[in-house]
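Listed below are the residues making up each chain.
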Amino acid sequence: ALRAIVDEGSFEAAAYELGVSASAVSQRIRALEREVGQVLLRRGTPCEPTEAGVGLVRVARHMRVLEQEAWAGLGRTAAGRSVTSL
C-alpha cells in the first residue's frame, strides 16, 4: 500500500491499483505507521514519503521485482498476486 500510494500519488489511486477501498489502504498505512512508530507519508497532492518512508518504499519496490521474477520463473505472471503488504 505504501509503495502504491507513493507511485500513484494518492490513497484513491493506490486503492484502485490494489483493487481495494481507499479506506482499506488508509487502514494499512495507519497500521504500518503504528508498527514502525513513525509517520511514513506526507499527505497532500501528491502524497510523498517522509525520510522514514523512503527506505520502506525502496524495500517494497525491490520485493515487487523479486515477486515478479519468482512468478515468471514459475511460468506465470504476477498480475493480481502478491505476498507482501508494503
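Worth saying up front: this structure is predicted, and the values here are computed from it rather than measured.

Asker: Tell me about the pattern of salt bridges, and name the residues and values.
Answerer: Evaluation of the coordinates by the stated rule reveals 5 salt bridges. The partner of R64 in a salt bridge is E17, and the shortest N-O contact between them spans 3.6 Å. With R64 in helix α4 (residues 51-73) and E17 in helix α2 (residues 11-18), the pair connects residues that are 47 residues apart, well separated along the chain. Judged by relative accessible area, E17 falls into the partly exposed class, the value being 29%. Between R43 and E33 there is a salt bridge whose closest N-O contact spans 2.9 Å. Of this pair, R43 sits in the loop between β1 (41-42) and β2 (48-49) while E33 sits in helix α3 (residues 22-36); the two residues are 10 residues apart in sequence, bridging distant segments of the chain.

Asker: Give a detailed account of the environment of V39, specifying residues and quantitative values.
Answerer: Examined against the element boundaries, V39 turns out to sit in the loop between α3 and β1. Along the chain, V39 and E51 lie 12 residues apart, while their C-alpha atoms are 9.1 Å from each other. In contact with V39, other than residues within four places in its own chain, are E33, T50 and A52.

Asker: Before we move on, can you summarise α2 with the specific residues and values?
Answerer: All of the buried residues in α2 are F11, A14 and A15. Projection of α2 onto a plane perpendicular to its axis shows the buried side chains occupying an angular sector of 100°, all on one side. Residues E12 and Y16 are exposed on α2 and point more than 90 degrees away from its buried face. In the core, the buried residues of α2 are packed alongside α1 (2-8), α3 and β1. At the exit of α2 stands G19, carrying a positive phi of roughly 75°.

Asker: Lay out unusual backbone geometry with the relevant residues and their values.
Answerer: Residue P46 is bonded to the preceding T45 through a cis peptide linkage, with omega at 0°. Among the structural elements, P46 can be located in the loop between β1 and β2.

Rules used throughout
Residues numbered from 1 in each chain as written. Predicted model: local features only at pLDDT ≥ 70, side-chain atom pairs only at ≥ 80, totals over all residues. Heavy atoms only, no water. Salt bridge = Lys/Arg side-chain N within 4 Å of Asp/Glu carboxyl O. Helix = DSSP H or I, 4+ residues; strand = E, 2+ residues; numbered from the N terminus. Buried < 20%, exposed > 50% of the residue type's maximum accessible area, 1.4 Å probe, protein only. Contact = heavy atoms within 4.5 Å. Arc of directions from axis to C-beta.

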